Amino acid sequence: MKAEEVSRHIREWLTDYLQSTRLSGFVVGISGGIDSALVSVLCAQTGAQTILLTMPIRQTKAEYDRAVQHMDQLKERYPNVVSLEVNLTDTFETFERTMPFDLNVNHLAMANSRSRLRMTTLYAVAQANGCLVVGTGNKVEDFGVGFYTKYGDGGVDISPIADLNKTQVFELARHSGVITAILEAKPTDGLFEDGRSDEDQIGATYPELEWAMDFSGEESGLREREKEVLAIYRRLNRINQHKMQPIPVCFIPKAYL
Ligand SMILES: NC(=O)c1ccc[n+]([C@@H]2O[C@H](COP(=O)([O-])OP(=O)(O)OC[C@H]3O[C@@H](n4cnc5c(N)ncnc54)[C@H](O)[C@@H]3O)[C@@H](O)[C@H]2O)c1
Ligand SMILES: Nc1ncnc2c1ncn2[C@@H]1O[C@H](COP(=O)(O)O)[C@@H](O)[C@H]1O
Ligand SMILES: O=P(O)(O)OP(=O)(O)O
């Protein structure tokens, strides 16, 4: 990958899009992971107002510390960057208590609610400041396995790194001066308190998933692990198509109207 060219291309794309709106900058949620770190550097490099938000909800200390360290580093490097901390733990716990039954009957219901509370917060801050909410999804998450929360972290205005796979995200992040603690952290969705990694949840690494996403050859000669990875990839790609396609609309036959 030509890192400098890709970086410049994304910065120009962000700048052009922002100029096409009446808005003045970008809002990015900072988790302590690689995707949000890279997206926030690219936004900062446009020179436009860039608001970073960390929104812990019973977060692991390691994730929280990486997020703060990244925001501090970016503020030192770019004068157009500001950071905010919005601790959503109480909001989340109130939400959990307000529900008429225990949503933990399904382990994903409350986990995905964390992501949707963050989306609500990002949009409130963006609207108050005349900014866009910038997405952090990469190619394999967004168009491969659909590993994101529908209308949670998937609810964004623009998506600058969605055509880069995770390996390229790491490469570009290193090129862009992202801190070592983030470059070395295992990707995690941070939605569970045991700190489980994406790989623990999916059962395959990002390089394996990228291989599966690109695979179009003859399957009979594949090794056992390759067959397993292909099956994991295909299952997730199939069951998450509803996130990748426009939502189904019930059109009414003209004769009925
Ligand atoms: N970037 C990340 O690393 C990241 C971020 C957030 C979440 N995640 C992970 O992503 C996963 C999200 O879970 P999920 O996909 O079950 O939740 P989701 O909320 O994203 O999608 C499930 C919801 O979609 C709807 N739905 C389901 N099937 C449908 C269909 N066929 N047509 C239309 N709508 C349909 C239903 O409302 C269902 O509740 C979790 O594993 C979570 O840990 C990863
Ligand atoms: N704790 C967090 N604070 C701010 N923003 C967050 C936090 N956790 C997640 N985010 C945002 O959501 C996306 C996806 O998160 P995953 O950790 O990959 O699930 C992340 O890039 C942040 O923008
Ligand atoms: O989306 P992020 O920034 O949380 O990155 P990762 O998913 O690699 O933790």
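This one's a predicted model, so the numbers in the text were calculated from it and none came from an experiment.

1. Remarks on the pattern of salt bridges
Thought 1: Counted under the stated rule, the structure contains 18 salt bridges.
Thought 2: Of the charged contacts in the structure, one is a salt bridge between Lys75 and Asp72, with a shortest N-O distance of 3.7 Å. Taken as a pair, Lys75 and Asp72 lie in helix α3 (residues 61–77) at a separation of 3 residues, close to a single helical turn.
Thought 3: You can call Lys75 partly exposed: its relative accessible area is 34%.
Thought 4: Residue Arg225 pairs with Glu208 through a salt bridge whose shortest N-O separation is 2.8 Å. Separated by 17 residues along the polypeptide, Arg225 in helix α11 (residues 224–239) and Glu208 in helix α10 (residues 206–214) bring together distant segments of the chain.
Thought 5: Put simply, Arg58, Glu93, Glu96, Arg114 and Glu193 are held in one network by salt bridges that share partners.

2. Observations concerning the site of ligand 1
Thought 1: Around ligand 1, 17 residues are found, and the nearest of them are Arg116, Lys150, Asp189, Gln201 and Lys243.
Thought 2: One nitrogen or oxygen atom from the side chain of Gln201 is found 3.1 Å from an oxygen atom belonging to ligand 1.
Thought 3: Within the side chain of Lys243, a nitrogen or oxygen atom sits 2.7 Å from an oxygen atom of ligand 1.
Thought 4: Out of a free accessible area of 860 Å², ligand 1 has 62% covered by protein chains.
Thought 5: When residues of the shell around ligand 1 are traced back to their parent elements, those giving at least two are α5 (107–129), α9 (198–202) and α12 (241–244).

3. With respect to the site of ligand 2
Thought 1: Gly29, Met55, Thr136, Thr188 and Asp189 are the nearest of the 13 residues found near ligand 2.
Thought 2: At 2.8 Å, a backbone N or O of Met55 approaches a nitrogen atom of ligand 2.
Thought 3: With the chains in place, 88% of the 470 Å² that ligand 2 exposes on its own is no longer accessible.

4. Brief notes about the confidence of the model for the protein chain
Thought 1: For the protein chain, mean pLDDT is 96; residues scoring 70 or higher make up 100% of the total.
Thought 2: Here the prediction assigns the complex a pTM of 0.96, and the interface score ipTM is 0.97.

5. Some remarks on the packing of aromatic side chains
Thought 1: The full count for this structure, using the stated rule, is 2 aromatic pairs.
Thought 2: A ring pair is formed by Trp13 and Tyr17, whose centres lie 6.4 Å apart and whose planes are at 25 degrees; its orientation type is stacked. Linking Trp13 with Tyr17, this pair stays in helix α1 (residues 3–19), spanning 4 residues, or about one helical turn.
Thought 3: Centre to centre, the rings of Trp211 and Phe215 are 5.2 Å apart; their planes meet at 40 degrees, and the pair counts as tilted.
Thought 4: Given the relative accessible area of 29%, Trp211 is considered partly exposed.
Thought 5: Classification of Phe215 as buried rests on a relative accessible area of 18%.
Thought 6: Its guanidinium or amino end placed over the ring of Tyr206, Lys166 lies 4.9 Å from that ring's centre, counting from NZ or CZ.
Thought 7: The ring of Phe192 carries Arg196 above its face, with NZ or CZ at 3.9 Å from the centroid.

6. A short note on unusual backbone geometry
Thought 1: If you check the backbone angles, Arg58 has positive phi at about 45 degrees while not being a glycine.
Thought 2: Within the secondary structure, Arg58 is located in the loop between β2 (49–54) and α3.
Thought 3: Positioned with a positive phi, Tyr151 is a non-glycine residue whose angle comes to about 60 degrees.
Thought 4: By the secondary structure assignment, Tyr151 is in the loop between α6 (139–145) and α7 (166–175).

About the criteria used
- Residues numbered from 1 in each chain as written.
- Chains lettered and ligands numbered in written order.
- Predicted model: local features only at pLDDT ≥ 70, side-chain atom pairs only at ≥ 80, totals over all residues.
- Heavy atoms only, no water.
- Salt bridge = Lys/Arg side-chain N within 4 Å of Asp/Glu carboxyl O.
- Helix = DSSP H or I, 4+ residues; strand = E, 2+ residues; numbered from the N terminus.
- Buried < 20%, exposed > 50% of the residue type's maximum accessible area, 1.4 Å probe, protein only.
- Near = heavy atom within 4 Å.
- Polar contact = N/O pair within 3.5 Å; in protein donor to acceptor, adjacent residues only side chain to side chain.
- Areas by Shrake-Rupley, 256 points an atom, 1.4 Å probe, with all protein chains shown as cover.
- pLDDT = per-residue confidence, 0-100.
- Phe/Tyr/Trp six-rings, centres within 6.5 Å; stacked < 30°, edge-to-face > 60°.
- Lys NZ or Arg CZ within 6 Å of the ring centre and 35° of its normal.

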